[in-house]
Amino acid sequence: MDVGDFNSFNIVGVIVGAIVANVLAWGIAAVNAMIVAAICYFIGYVRKKEA
């Protein structure tokens, strides 16, 4: 099965975002998840650009 070209930071961002949304007791869970996911996506983008 060919999964194609994907960025593992995107997958990690979604998983970590969901964990943070459930663990953090302050703020809006969905917003916290989006912030964490966006940070992971950005890190992945920068690392992929450097390679």
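What comes next concerns the included structure. (Residues numbered from 1 in each chain as written. Predicted model: local features only at pLDDT ≥ 70, side-chain atom pairs only at ≥ 80, totals over all residues. Heavy atoms only, no water.)

## Focus on the packing of helix 1 (residues 8-23) against helix 2 (residues 29-50)
When two helices pack together, their arrangement is given by the angle between the helix axes and the distance between those axes.
Moving on, step 1. Put simply, helix 1 and helix 2 touch, their axes get as near as 8 Å, and they point 155° apart. If you check the angle between helix 1 and helix 2, you find them roughly antiparallel. Note on packing geometry: the crossing formed by helix 1 with helix 2 is right-handed. Contact with helix 1, carried on its side by F9, N10, G13, V14, V16, G17, V20 and A21, involves A29, N32, A33, V36, A37, C40, Y41, I43, G44 and R47 of helix 2 and no other residues of that element.
Moving on, step 2. The class makeup of the residues in the contact of helix 1 with helix 2 is 12 nonpolar, five polar and one charged. (Axes fitted to C-alpha atoms, helices over the stretch in contact; angles between N-to-C directions. Helix = DSSP H or I, 4+ residues; strand = E, 2+ residues; numbered from the N terminus. Parallel < 35°, antiparallel > 145°, perpendicular 65-115°, else oblique. Left-handed = near helix turned anticlockwise from the far one by under 90°. Contact = heavy atoms within 4.5 Å. Nonpolar A, V, L, I, M, F, W, Y, C, P; charged D, E, K, R; others polar.)

## So, helix 2
Moving on, step 1. Between its first and last C-alpha atoms helix 2 spans 32 Å; for 22 residues at 1.5 Å apiece the expected length is 32 Å, and the two agree.
Moving on, step 2. The complete set of buried residues in helix 2 reads N32, A33, V36, A37, C40 and G44. Down the axis of helix 2, the sector holding all buried residues measures 125°, keeping them to one side. Residues of helix 2 that are exposed and point over 90 degrees away from its buried face: M34, F42, K49 and E50. (Expected span 1.5 Å × (residues − 1). Buried < 20%, exposed > 50% of the residue type's maximum accessible area, 1.4 Å probe, protein only. Arc of directions from axis to C-beta.)

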